[in-house]
Amino acid sequence: MRTLERHRRLQDIWASERGWKGWTSSVNHTDLGRMFLVTSFFFFAVGGVLAMLIRAQLATPHSAFAGPELYSQFFTMHGTIMMFLFAIPTFEGLAIYLLPKLLGTRDLAYPRLTAYGYWCYAFGGTMLLVSMVLGIAPNGGWFMYPPLTGPIHSPGINTDFWLIGITFVEISAMAAAVEITVSVLRYRAPGMSLDKMPIFAWYALVTAIMILLGFPPLILGSVLLELERAFGLPFFQVELGGDSLLWQHLFWLFGHPEVYIIFLPAAGVISTVLPVMCRTTLLGYGWIVAAAVALAFLSFGLWVHHMFTTGIPHMGLAFFSAASTLVAVPTGVQVFAWIGTMWKGRPDLRLPMLHILGFFATFVMGGLTGVMVAVVPFDWQAHDTAFITAHLHYVLFGGFVFPILAGVYYWLPHFTGRQRFFRLGEVAFVLIFLGFHGTFLAMHWVGLLGQRRRIWTYETSDGWTAINLVSSVGGFIMAFGLAIVLIEVVLCFFVGRRMPRNAWGAGTLEWAMPTPPPNYNFASVPHIRDRDPLYANPGLPVQIARGDGYLGTPRHDWRETLTVEAARGTPDYIVVYPANTRLPIVMSAVTGLFFLSLLIKVYWFTPVALAGVAVLALRWVWVLGQRQDRGPLDAGLGVSLPHAAEVDRAPGWWGSLFLLVADAVLFGSLIFGYAFLFTVAPGWPPPAWFEFSLLELGGGVAGALAAAAGMRLAIRANRRGGSAWTGLAIAGAGALVVLLSLAALLVRTPPPSGHAYNATLFVLGGYGVLHTLIPLLMLGFLAARVSRGFVSAARRAELPIAGLWVDYMAVVAILVLAVAHLPGVAP
Amino acid sequence: MLAGAGAILALVLGLIALAFTRTGPGTERVWIAGMGLAFPLTVLAALLAYGLFVGERLLPRQGADVVSVQAEGRQWAWSFAYDDAPGVVTEDVLHIPAGRPVDVAITTVDVIHSFWVPRLAGKLDAIPGHVNVLRIEADQPGRYRGASAEFSGEGYADHEFEVIAHDAAGWDQFLRGGTR
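All values derive from a computational prediction rather than experimental measurement.

Engineer: Explain the nonpolar core to me, please; I cannot follow it from the model alone.
Structural biologist: Within soluble globular proteins, side chains that are nonpolar generally end up buried alongside one another. Counting residues in hydrophobic clusters, the biggest one holds 316 residues, and the most contacted among them are L99(A), W338(A) and I339(A). Here this core gets 22 residues from one element, more than from any other, and that element is helix α8 (residues 244–277) of chain A. When residues of this core are assigned to domains, at least three fall in each of domain 1 (2–58) and domain 2 (67–175) of chain B. Ignoring any residue separated from it by four or fewer positions in sequence, one finds W338(A) in contact with Y203(A), F263(A), A267(A), I270(A), S271(A), L274(A), L282(A), I288(A), F359(A) and F360(A).

Right under this line is the structure:
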């Protein structure tokens, strides 16, 4: 097959629909990565306008610009948008766009999930925008402390927009995290062992795993607070056995890792761009990976440092203070590895490099003030003043925005296929850099003079007028700079010289393709032998285009790629992706209706929407089926590989595994909340414990064990060519018994609005029921698949996936029943 | 702390600037083990020890002449009560004796607030259902500004109070019902 013919064939197979219709049906990572980035920068602009409003208000004392109510909405939405609708989605967009290209494959693990995540983000973000336009935006500060945000002190719908809208948006974060984790571990070019992976992929992997572990506590907290607001379940009301500190723990269990979830991808950009700007390779690759992993570990031990002023016991303070200072070490390792890289090479002052220098200056200062506030006595003074606001902007703007701008300018030729024409970027950089430091240096100062954060105005006699004015002027200069960046990026799509291939002289695979990239990325999948494949073999792009790699001959109309074994990178099996479909956008719209029904309190519609999601989910998995055995398929380069339907650990199994890890963290957070209230909340013990029942507890445990055993039986029988029916029937019966015992728990729980204990039991029971209904649905699905001939001894991939969910149900059911029944045994 | 931070900043930026003028040792041993690991560990250990030492001194200790008062926050005012003057409640003004340690027991009746008198001590939160104790001490008689330092809704900006530190005579007079 000739090169051009191969290109046309692949283009036909992989093409998205033309025009705006293509946006709604595309499942291609390049399209969706671009859509993510455009949307996230739109929200960056919205958040930036809010920041300007804040600075306009604070520029003078007694400003008549906005009252306290409007001002509260400004700063709450500024923080919320920047964190949840800009920073995280920017990482997702960048990773979605880049990862398959860096890893030498054709798409991410779950193309439709990419699209579903994008639409959840777009719809959820729209929800929050609507609240802002209507003037009923959240107003309790971006960390939403109850009881201020509880039903008594915030009766309006403002807070519900936050809790429901953000949870909706977080679906996209969880989807992206599962997808990135599986893609990095399994979807790479053959030969690319873990130690040959591009450094950005390492950062993306660590970040994705952190999202899996870090976001569930926030999602749980939001669910609990919304339950309190909507149905009076008193998790955070001290009079009824709740405790507002529980929210702070759940929030910062998420909130601190969040800082590193934002920083690590940016560090990945620097580790990728900096060596290219210095015409060398990265110094200390292994150390940097180790530092990123260490940072991730440490960040989960730090949440309490946001709560130094809440009256934490003294030993606790010492421990968390030590951990907070320790986190500077892996950061230091990375910073000095980057400086060492600069010494090793010959740095060039091209535009991405300017932003990296901006990063160094800003981030190091932010890190140093961070070490200051990790010192407890200092924090007791600085906490909740403008000093903290300034510190966090140094860390986030320095540690995220500058590197991302470096990345934008570095990959802009890749996105557009063009080089910059007008030299606006250099001017923009100077404005941004000077404006930023003007704004936030001043803010440090005024914070030390005692200006609290979040006050809507101040007195002339406070003596803060001049500093605030400087800060506001700086803010507007920075905004001009960012606006110029926006103009230049938009212009670049229309004006500019064509980009020669690999103009920066980089070594990574994303430059081994034409730009802008074709939807299939690589005409054939290369075999990788080096960390910087283009340095080792400059002829690689031609070989790829010529089809000298894996899967160089298009088969049927399949969108094919192959997976590798996680550590060594040996080829594993062939994956055939689903093609363009509107299922994701429809499913996220129905998901949106579910959240909307909760928001506007049309509760009869909630189960309808849920059922709609379930039906669409069944359709989602149904269309992937195979009705005939394929046997080993030719993958090129003399390798034959099985089809993904004919393996034990299909992509769906890996995705379920990581989704369940996140689910388990959510469940663990719920158990933590239970234990926390049990031991710390003032209103305990509750008036009465749940009444112990041996029948319900024993029945539930037996059902759970039977279900898990049944699935094993089904898997084994099917693999031997026998019938899976007996095993499936046992599993189904076991799950039904579990459902009954959990239903009994829900029925017998005393009114959940009476005490936080009852409310906790109710949520535990509800969680258990949900995680029994899901596997039951899967078992029904499997039964239909078996009877329609989709399952054979070879086509066995779907059984272990359901097995995973049944096992999880068993563990959850046993734990839920135990913690509900056992405290009632010995009063 | 500021001087140290400035020195580190200058060092880092200096190393970056030098990278443009020369090609130096690009070894992992120098940059990672030396600069990346040993250097921050040393600085941080010293800083942590200092922080814990200072923190220890700020902790409430038992003593004969400790004065106990209660602070109760609400949207948007503070009420103060005194162990030494049962029944006396002052609004938005806390009276204390100068030169003696004072334990403030802090709580709230509605949302979370934070008790903060910058010139006397750090801040400590007022959390529903919990009582946190903060040790403050005014060296000199006088008036000190205080504020709530946790966002609490619309009236947050004006949620301020005053601490009046009396000399020994003034304090006696306050307890006997003089200055209110």
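Engineer: What is the right way to look at the UniProt feature "domain: Cytochrome oxidase subunit II copper A binding" (unreviewed entry) in chain B in this model?
Structural biologist: On the UniProt side, "domain: Cytochrome oxidase subunit II copper A binding" (unreviewed entry) is annotated at positions that read residues 64–177 of chain B here. Taken end to end, residues 64–177 of chain B has its terminal C-alpha atoms 23 Å apart, with 7% of it in helix and 48% in strand.

Engineer: Is there a simple way to explain the packing of aromatic side chains in this structure?
Structural biologist: Here the structure, examined in full by the defined rule, presents 77 aromatic pairs over all chains. Plain terms: the ring middles of F336(A) and F39(B) are 6.2 Å apart, the flat faces sit at 80 degrees to each other, and that makes the pair edge-to-face. On the criterion of chain membership, the pair formed by F336(A) in helix α11 (residues 328–344) and F39(B) in helix α2 (residues 28–58) is interchain, its members lying in two chains. Plain terms: the ring middles of W604(A) and F605(A) are 5.5 Å apart, the flat faces sit at 85 degrees to each other, and that makes the pair edge-to-face. Its relative accessible area of 65% is what places W604(A) among the exposed residues. These aromatic residues form a ring-pair network of at least three members: F84(A), W142(A), F143(A), Y145(A), W162(A), F215(A), F235(A), F236(A), W247(A), F251(A), W252(A) and F254(A). Lying across the ring of Y97(A), K101(A) places its NZ or CZ 3.7 Å from the centre. A cation over an aromatic ring shows up here: R531(A) above the ring of Y285(A), its NZ or CZ 3.5 Å from the ring centre.

Engineer: Is there a simple way to think about helix α16 (residues 465–494) of chain A in this case?
Structural biologist: Owing to its 3.6 residues per turn, the α-helix aligns residues three or four sequence positions apart on the same side. Across its 30 residues, α16(A) extends 45 Å between first and last C-alpha, which sits within 8% of the 44 Å expected from 1.5 Å per residue. Positioned one or two residues after α16(A), G496(A) has a phi angle of 145 degrees, which is positive.

Engineer: Would you mind going over the interface of chain A and chain B with me for this structure?
Structural biologist: Interfaces are often sized by the amount of accessible area the parts lose when they come together. Listed per partner, the contact involves 73 residues of chain A and 66 residues of chain B. When the buried surface of chain A facing chain B is broken down by residue, F336(A), W343(A) and R452(A) rank first, second and third, together holding 16% of it. Applying the counting criterion to the chain A and chain B interface returns 2 salt bridges. A salt bridge links D462(A) to R145(B), with the shortest nitrogen-to-oxygen separation between them at 3.1 Å. Those elements that place two or more of their residues in the side of chain A that touches chain B are α4 (68–103), α8, α10 (314–326), α11, α12 (351–374) and α13 (376–382) of chain A. Top contributing element to the side of chain A that touches chain B by residue count: α11(A), with 11 residues. Of the residues in the side of chain A that touches chain B, the class split is 42 nonpolar, 22 polar and 9 charged.

Cut-offs used in this document
Residues numbered from 1 in each chain as written. Chains lettered and ligands numbered in written order. Predicted model: local features only at pLDDT ≥ 70, side-chain atom pairs only at ≥ 80, totals over all residues. Heavy atoms only, no water. Core = buried A, V, L, I, M, F, W, Y, C linked by side-chain atoms within 4.5 Å. Buried < 20%, exposed > 50% of the residue type's maximum accessible area, 1.4 Å probe, protein only. Helix = DSSP H or I, 4+ residues; strand = E, 2+ residues; numbered from the N terminus. Domains from an automatic or database assignment. Contact = heavy atoms within 4.5 Å. UniProt positions renumbered as here; feature names shortened; annotations may be inferred. Phe/Tyr/Trp six-rings, centres within 6.5 Å; stacked < 30°, edge-to-face > 60°. Lys NZ or Arg CZ within 6 Å of the ring centre and 35° of its normal. Expected span 1.5 Å × (residues − 1). Buried area = accessible area lost by both parts, 1.4 Å probe. Salt bridge = Lys/Arg side-chain N within 4 Å of Asp/Glu carboxyl O. Nonpolar A, V, L, I, M, F, W, Y, C, P; charged D, E, K, R; others polar.

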